[in-house]
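A structural walkthrough
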Amino acid sequence: MTAVVETAPPAEVVPTATVRSQVTVPLRFPDGFRTTAEVLTFRGLADGKEHLLLALGQWQHAYPGRESGDGAPLVRLHSECLTGDVFGSERCDCGPQLREAVEQIAAVGGFLLYLRQEGRGIGLYSKLDAYALQDTGLDTYEANLALGHGEDERNYTAAAQMLETVGARRIRLLSNNPDKAAQLTALGIDVTEQVPTGVHLSADNHRYLSSKRDRTGHTLELPPLVVGRGPIAATPGTVPGHEDMLARVDALIPRLRERAEETERLRRIPDSTMAELEEIGVFRILAPKALGGYGMGVETYVHVIRRLARGCASTAWTAGHLIEHVWMLARWPQRVQEEVFANGHTPLAAATGAPVGMARKVPGGFSITGNWSFASGVMHSDWALLAVQCDNVRLQCLVPIAELDLLDVWQTAGLRGTGSNDLRAESVFVPEHRAMDWALLSTADNPGSRIHQDPMIHTPMAALLNLVAPTTALGAAEYAVDIFRERIMGRKVKNTVENRQADSPLAQARFSKAYGMVATARLHWQEAVRVVAGSYERRPSTLTDDERAGYRLSLALSGEASEEAVRLITSGSGGSVHRLSHPLQRIQRDVNVLLNHPTLSMDPILEQAGRGLLGLGFTVPSF
């Protein structure tokens, strides 16, 4: 963060503007990010132009004392750029900056001022003329001067008027441009902090960004130039901490419960839920920071899944796998990362290896054929990670969903909302760079580990693949206990003398046993998480056989205890809980399905864990 030195001259007198209209506008960006803005128009702006103010997130709470000037909402002054904002031009960084600013401001509450100042105030046609001069060797400022314009003709008086009108006299300014802070300060706006935007570097805008840094003092630390199909955007904006991330998820839980029936009916996660998960950054949790992610550890990852499961197990399962698959894509070589993480996009992918498909080598790559089941997350993904066998080598192939047949077969008793449908391919071509040896991708020393320093990228893949099912089961069981507690405190049971179920000694014993089983599940789960978290902090991070056996056993025992707690609760809650509108029947069905997942199948886990703990060696290498 760049502190603003408070040595400005006396503020200029700014003419008063008034709000002309206010309208709610839902926003959706090309990468799928969604939010809602309150868009304000104004009368009396100094330059007479049609500038807009977009109030984002919980902006009313960003400065609760706005009438007295207290609080400092996050504010971005964004000058209109038709080529960058609308057409995605890579000659500048305006489009990615706009996208980033909306997400950052929406997360904390504040304002984006969309100012009609094309080309730093010289207009659209002149800006395009300047582009032509830049092609002859001039930089962006020299081109403006050659056309008879100033280097930067923007005036922020109208911006100060807009901020004054909504009572934002103290702000945190999201900008790399020192002139914006200086002008606003001179106009009477107290800029308490200048928050840098991300650096969205590509081969086409490197010279442009360098000119801004070197000529007008923009606070830009340019990473090395990335050459390829797209840039890897460094977005060093606000990265939430562990508790902040969990607080964001907790705020979603009531809405997840409200949408649980809809989720089952749709047999996928509703668009509204996906939009909220994207908005709070759930899918960025495990992505390396250099790819626009948060670079968080396994503790945050599993706690997010567990909290989501307290609202909807299907949502927790789907989100858990989509988060994990972003992490898997970050393990690929740089060429693939440039392709799928282009412009700071967080790619969503399904992954399945059941059963393994077939591949044959062809010029330039592979031809793959297969029918893969249980593709969790496929209804929300652009990519699929598919396991195939080529000769005696198992490969993972990265394939656009659009090139595959999606088979709508997910008709199940539980986890209905995950939409874990089948995928089919018949002689689909996969370029060689999008096919990788599974043994290499799954190890601690994977290609991505040589690019990123984030500790999680050095973790063997199997360590995370086994966590989603028991974590979802635990969160669902914790929710069941809460429902049971509320239910027995007011429910009258037939054939009993008590006024309410909670007054029965047998009901008290049932509740305490269910509560204890969930506590048991939680302790086993915490032990497994401790083992995994401890391993990724060391080099090499590969688990020993004893550790693998112990953590897989702990996860299986956790799942078993969660299932038993749900059974005790459901069997003691009466017939009405089996109505499809009641959450307990859904939790029971979801947990029953989870316990049949290979990561919780007790018999083979007990066998292999026993061998590992006795030092006899595993007979199943994938355990």
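Quick notes on the rules
- Residues numbered from 1 in each chain as written.
- Predicted model: local features only at pLDDT ≥ 70, side-chain atom pairs only at ≥ 80, totals over all residues.
- Heavy atoms only, no water.
- Phe/Tyr/Trp six-rings, centres within 6.5 Å; stacked < 30°, edge-to-face > 60°.
- Buried < 20%, exposed > 50% of the residue type's maximum accessible area, 1.4 Å probe, protein only.
- Lys NZ or Arg CZ within 6 Å of the ring centre and 35° of its normal.
- Helix = DSSP H or I, 4+ residues; strand = E, 2+ residues; numbered from the N terminus.
- Salt bridge = Lys/Arg side-chain N within 4 Å of Asp/Glu carboxyl O.
- pLDDT = per-residue confidence, 0-100.
- Contact = heavy atoms within 4.5 Å.
- Pairing = 2+ DSSP bridges.
- Axes fitted to C-alpha atoms, helices over the stretch in contact; angles between N-to-C directions.
- Expected span 1.5 Å × (residues − 1).
- Right-handed = clockwise from strand over helix to strand, strands pointing away.

**Focus: the packing of aromatic side chains**
As enumerated under the stated definition, the model contains six aromatic pairs in all. Between Phe618 and Phe623 the ring centres are 5.1 Å apart and the planes differ by 45°, which places this aromatic pair in the tilted class. The class of Phe618 is buried, set by a relative accessible area of 18%. Overall, Phe623 belongs to the buried group, its relative accessible area being 11%. If you follow Arg99 out to its NZ or CZ, it ends over the ring of Phe29, 5.8 Å from the centre.

**Comments concerning the side chain of Thr472**
With respect to the helices, strands and loops of the structure, Thr472 is situated in helix H17 (residues 468-488). Take Thr472: its relative accessible area is 0%, and that puts it in the buried class.

**Comments concerning the pattern of salt bridges**
If you walk through the whole model with that rule in mind, you get 28 salt bridges. For Arg284, the salt bridge is made with Glu103, and the minimal N-O distance between the two is 3.3 Å. Note that Arg284 is positioned in the loop between helix H11 (271-279) and helix H12 (298-309) and Glu103 in helix H2 (residues 94-108), a separation of 181 residues in sequence. The burial state of Arg284 is the same as that of Glu103; both residues are buried. Here Arg548 ties to Asp545 by a salt bridge, and the two come within 3.6 Å at their closest N and O atoms. Of the two residues, Arg548 and Asp545 both sit in helix H19 (residues 545-571), three residues apart, roughly one turn of that helix.

**Observations concerning the confidence of the model for the protein**
Of all residues in the protein, 89% have pLDDT values of 70 or greater, and the mean over the chain is 88. Looking over the protein, one finds the lowest element-wise mean pLDDT in helix H8 (residues 206-216), namely 64, and the highest in helix H13 (residues 313-329), namely 97. Confidence drops under pLDDT 50 across residues 224-237; counting only partners more than four residues distant or on other chains, this segment forms 43 contacts.

**Brief notes about the environment of Ser512**
The topology assignment puts Ser512 in helix H18 (residues 505-536). Distance from Ser512 to Val481, taken between C-alpha atoms, is 9.8 Å for residues 31 residues apart in sequence.

**Regarding the sheet that holds strand E14 (residues 435-437)**
The strand order across the open sheet built from seven strands is E12-E13-E9-E8-E10-E11-E14, with neighbouring strands paired in mixed fashion. Both edges of this open sheet fall to strand E12 (405-407) and E14, since each of them pairs with a single strand only. Averaged over neighbouring strand pairs, the angle between their axes works out to 25° when direction is ignored. Pairing of strand E9 (residues 365-372) with strand E13 (residues 422-431) involves seven bridges; the strand directions are antiparallel. If you follow Ser367 over to E13, its bridge partner there is Phe429. Against the sheet, H13 touches strand E8 (349-362), strand E10 (383-390) and strand E11 (393-400), its axis set at about 35° to E8.

**Observations regarding H17**
Three- or four-residue spacings in an α-helix give side chains the same orientation, since the helix completes a turn every 3.6 residues. Look at H17: 30 Å from first C-alpha to last across 21 residues, which is about the 30 Å you get at 1.5 Å a residue. Burial of H17 is extensive: 18 of the 21 residues sit out of reach of the surface.

**Looking at the pairing of strand E7 (residues 190-195)**
Bridge analysis of strand E6 (residues 170-174) against E7 gives five bridges, and the strand direction is parallel. Opposite Leu173, over in E7, you have Gln194 as the bridge partner. Since E6 and E7 lie parallel, the crossover through helix H7 (residues 178-186) that links them has a hand, and here it is right-handed.

**Focus on unusual backbone geometry**
The omega torsion across Ala354 and Pro355 is -10°, close enough to zero to call that bond cis. With respect to the helices and strands, Pro355 occurs in strand E8. One non-glycine residue, Arg120, adopts positive backbone phi at about 55°. By the secondary structure assignment, Arg120 is in helix H3 (residues 118-121). Look at Leu415: it is not a glycine, yet its phi comes out positive at around 50°. Within the fold, Leu415 resides in the loop between E12 and E13. The class of Leu415 is buried, set by a relative accessible area of 3%.

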